[in-house]
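So you can see what is in the structure, the chains are spelled out below.
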Amino acid sequence: MIANALIKNDAIFNYATVYYYKNPNLGNQIPNFTDADFQDFKQYLKNQQISFDTETEEALKNTLAAAKKEALDGAIINEYKQLLAVVQKSEASQLDNHQKKLRI
């Protein structure tokens, strides 16, 4: 799941730190994370070029690494890039699909 990937690479923790310093008046309050805040979170991920590194993306990267060892990467690089782009676009759309779970 996308949430696990965000936790694994500390994206949520790092954004929470940024959010805390952007909102110094929160004190000990638990903030009401708005839709605007969620959009800001998505923009943060994009600006920081944070990779979701889902199992699918990792498997795809490992496939390219194996192809390089076997000198097959030249034959598959274009398709690899296309498939990686599709996987990454799908991961980004999962943010919206799982917005409620991520906002807890």
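Because the structure is predicted, anything quoted here is derived from the model rather than measured. Starting from 1, residues in each chain are numbered consecutively following that chain's sequence as written. A pLDDT threshold of at least 70 governs which residues receive local features in this predicted model, and a stricter bar of 80 or more applies before side-chain atom pairs are shown or counted, although totals over entire chains, interfaces and linings include all residues. Only hydrogens and water are set aside when side-chain values are computed; all heavy atoms of the structure are taken into account.

Q: Can you lay out helix 2 (residues 11-22) for me, pointing to particular residues and giving the numbers?
A: Numbered from the N terminus, helices here are DSSP runs of H or I no shorter than four residues, and strands are runs of E no shorter than two. Multiplying 1.5 Å by the helix residue count minus one yields the expected span of that helix. Relative to the 16 Å expected for 12 residues at 1.5 Å per residue, helix 2 spans 16 Å between its end C-alpha atoms, a close match to the ideal helical length. Think of it in three bands: with a 1.4 Å probe and only protein chains considered, a residue is buried below 20% of the maximum accessible area for its type, exposed above 50%, and partly exposed in between. Buried within helix 2 are the following residues: Ala11, Tyr15 and Tyr19. All buried residues of helix 2 fall inside an arc of 65° around its axis, so they share one side. Exposed residues pointing more than 90 degrees away from the buried face of helix 2 are listed as Phe13 and Tyr21. By the convention used here, residues are in contact when the closest approach between their heavy atoms is within 4.5 Å. Buried residues in helix 2 make contact with helix 1 (2-8) and helix 3 (35-47). The arc under discussion is defined with respect to the helix axis, by the directions toward the C-beta atoms.

Q: Which residues make up the environment of Asp53, and what values go with them?
A: Within the element layout of this structure, Asp53 appears in the loop between helix 3 and helix 4 (55-69). As for Asp53 and Leu6, which are separated by 47 residues in sequence, their C-alpha atoms are 8.3 Å apart.

Q: Describe the packing of aromatic side chains, and please don't skip the residues or the numbers.
A: Any two of the Phe, Tyr and Trp rings considered here, Trp counted by its six-membered ring, make a pair once their centres fall within 6.5 Å; the pair's planes then place it as stacked at under 30 degrees, edge-to-face at over 60, or tilted in between. As enumerated under the stated definition, the model contains seven aromatic pairs in all. Each ring, one from Tyr15 and one from Tyr19, has its centre 6.1 Å from the other, and the planes form 45°; the classification is tilted. Of the two residues, Tyr15 and Tyr19 both sit in helix 2, four residues apart, roughly one turn of that helix. A relative accessible area of 4% means that Tyr15 is categorised as buried. Ring geometry for Tyr19 and Phe33: centres 5.7 Å apart, planes at 50°, overall tilted. Of this pair, Tyr19 sits in helix 2 while Phe33 sits in the loop between helix 2 and helix 3; the two residues are 14 residues apart in sequence, bridging distant segments of the chain. Connected via pairs of aromatic rings, a cluster forms that spans Tyr15, Tyr19, Phe33, Phe38, Phe41 and Tyr44.

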